[in-house]
Amino acid sequence: MADSYFTHLECSSGCGAGPFDPRGLHFLCPSCKLPMLARYDLTAARAWKRESLAGRAPNMWRYRELMPLLAGDAPVTLGEGFTPLIHATRLGASLGLDRLLIKDESLNPTNSFKARGLSAAISRAKALHAETVYLPTAGNAGNAAAAYASAAGMKCEVFIPRDAKQPFVDECRLYGANVTLIDGLITDAGRIATETAKPHGWYEVATFREVGRCEGKKTMGYELAEQLNWTLPDWIVYPTGGGTGMVGMWKAFAEMEAIGWLAAGQRPKMVTVQPEGCQPIVSALERGEQTAGTWQNAHSVADGLRVPRAIADFLILKTIRESDGTAVSVTDTQLVDDMKTMGRLEGVSASPEGGASLSALRQLIADGRIKKHETIVLFNTGGALKYLDLLR
Ligand SMILES: *Cc1c(COP(=O)(O)O)cnc(C)c1O
C-alpha cells in the first residue's frame, strides 16, 4: 500500500502547460496565470480501499493517500476535519423537509473550515522547507494560517482589511503572526501582500495559489461520502467566496468515482450562496458567462463572502453547471436572522456565512427547486463567536 498517490501539479484551465513537479515551487500556472490543481495516480489508487479508513484518526488526514504530500512528508495537523454531520430535525421540520443535515465546520481548529485548507497548504510549505508563509485574508484564513504556521514552527505574515473585526486581528497575533492592516478589500490585501513578499521570498498560501487550499477543502467531500455511508446528498448548499470548497468537493467526488469508492451518477446539485452586496458568481451564472470579473463596491457583514473577484471563478461556474446546481443571493438582514435561527433551533453556532446558506435554502424551497423528500446538506462554515457584535 502506497502512502501517497500524489504525482504532479496541473493547470486547471486546460491551457496544456505542465505537468509540473509536485516538489517544485509553483503557485499559479506559469503560462496562463490561472490556478493549478494537485493530481494523483488514480489508477494505482484503486488499490486503496475505503475499509482501510476504519481504524484511522478522525481528522482529514485519514484521506492522506490522496492529499498533496509525498510519501514520508509529515502533515502539520491540529486535528482538523471529520466534523459532525448533524441531522437538523427541528430546523428541517420548521422548513417542511424530511432530511436536512448540517455539516458543522465551526468545530474545526480556529473555528472555521479554513483550518482544512491551511493545514494542507502549510504541510506543503513545510515539506518544501519554507520559513515564512503569507496570505491576504478576510479573517478566518488568517487565523488558521497563523495557527498552523505556529504549529509548524514557521513565521506567518497576514494581510487583512483594516475594517475586519477585531477578534480576527487579535487571534492572528495570539498565534504569533505579524499582521498588516490594509485600507481596502481582500483583493487589495492580495496585491499588497504579493508586492511585500516578493523581495523576501515568502511562501504564498493564498486561496487557489497554493494547491493545498483546495485539497484541504476537498476532504469535506470525502467526509460527506463516508459519513453518509458512501452515498451523497441531493443538494449541497455552500456559502461561496473564493470557491475552494465548491471546486474541492466536486474534485473529491470525481476522485472517489475514479478509485471506485462511489458509483457514478449520484453527485449532488451544488448551490453557491452569496450576499446581495457581493454576488459576482450569481450574476455571472445568470448572464451565462464563463468568468465573473470583479464586483464593484463589494459589501456584506459576511466577511468570508466579501470577495469581489475569485481567481477560480471559471471553476466555480463549471461546478455549478456540471452539477445542475444554481447560485442564490441573500440579504445581510436575512443571513443574520438565520444565524440566530440555527442557534435557536439546533444549538449550532453559525457564522454569518452559515446563516446565509440557511437563507438560500429558504429561497430554493419557496421556488420549488428543493423538494420535501430530498436530502440537503447545509454548510455552516464557521462559528458565531468572532461575530457576536452582529447579534446585538
Ligand atoms: C472563507 C469563508 C467562506 C468562503 O469559502 P470558499 O471556500 O473560499 O468559497 C465561507 N465561510 C466562511 C466562514 C469563511 O471563512
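Residues numbered from 1 in each chain as written. Predicted model: local features only at pLDDT ≥ 70, side-chain atom pairs only at ≥ 80, totals over all residues. Heavy atoms only, no water.

S.K.: If you had to explain the domain arrangement of the chain to someone new, which residues and values would you point to?
M.R.: Each domain of the chain was delimited in the assignment, giving domain 1 (6-66), domain 2 (85-109 + 214-391) and domain 3 (114-204). Taking only C-alpha atoms into account, the centre of domain 2 sits 24 Å from that of domain 3. Taken residue by residue, the interface counts 20 residues in domain 2 and 18 residues in domain 3. A combined buried area of about 1600 Å² lies between domain 2 and domain 3, and 55% of that area is made up of carbon and sulfur atoms. Of all residues in domain 2, D303, R306 and K386 give up the largest surface area on contact with domain 3, accounting jointly for 39% of the area buried on that side. Applying the counting rule to domain 2 against domain 3 returns five salt bridges. (Domains from an automatic or database assignment. Contact = heavy atoms within 4.5 Å. Buried area = accessible area lost by both parts, 1.4 Å probe. Salt bridge = Lys/Arg side-chain N within 4 Å of Asp/Glu carboxyl O.)

S.K.: I'd like a rundown of the sheet that holds strand β6 (residues 155-161), residues and numbers included.
M.R.: An order of β7-β6-β5-β8 is seen for the four strands of this open sheet, with the pairing classed as parallel. Single-partner strands in this sheet number two, and they are β7 (178-182) and β8 (203-204). (Pairing = 2+ DSSP bridges. Helix = DSSP H or I, 4+ residues; strand = E, 2+ residues; numbered from the N terminus.)

S.K.: Go over the site of the ligand with me, naming the residues and quoting the values.
M.R.: The environment of the ligand is formed by 17 residues, the closest being K114, Y238, G241, G243 and T381. G242 has a polar backbone atom sitting 3.1 Å from an oxygen atom of the ligand. T244 is positioned such that a nitrogen or oxygen atom in its side chain is 2.9 Å from an oxygen atom of the ligand. A total of 390 Å² of accessible area belongs to the ligand in isolation, and the protein chains cover 96% of it. Listed by contribution, the elements that provide at least two residues to the shell around the ligand are β9 (235-239) and α7 (244-258). Here the residues of the shell around the ligand sort into four nonpolar, ten polar and three charged. (Near = heavy atom within 4 Å. Polar contact = N/O pair within 3.5 Å; in protein donor to acceptor, adjacent residues only side chain to side chain. Areas by Shrake-Rupley, 256 points an atom, 1.4 Å probe, with all protein chains shown as cover. Nonpolar A, V, L, I, M, F, W, Y, C, P; charged D, E, K, R; others polar.)

S.K.: Account for unusual backbone geometry, naming residues and giving values.
M.R.: Here the residue pair G18 and P19 is connected by a cis peptide bond, since its omega of 5° sits within 30 degrees of zero. Among the secondary structure elements, P19 is positioned in the loop between β1 (6-11) and β2 (36-40). One non-glycine residue, D324, lies in positive phi territory at about 60°. Along the chain, the position of D324 falls in the loop between α9 (313-322) and β11 (326-330). On the accessibility criterion, D324 (47% relative accessible area) is partly exposed. (Buried < 20%, exposed > 50% of the residue type's maximum accessible area, 1.4 Å probe, protein only.)

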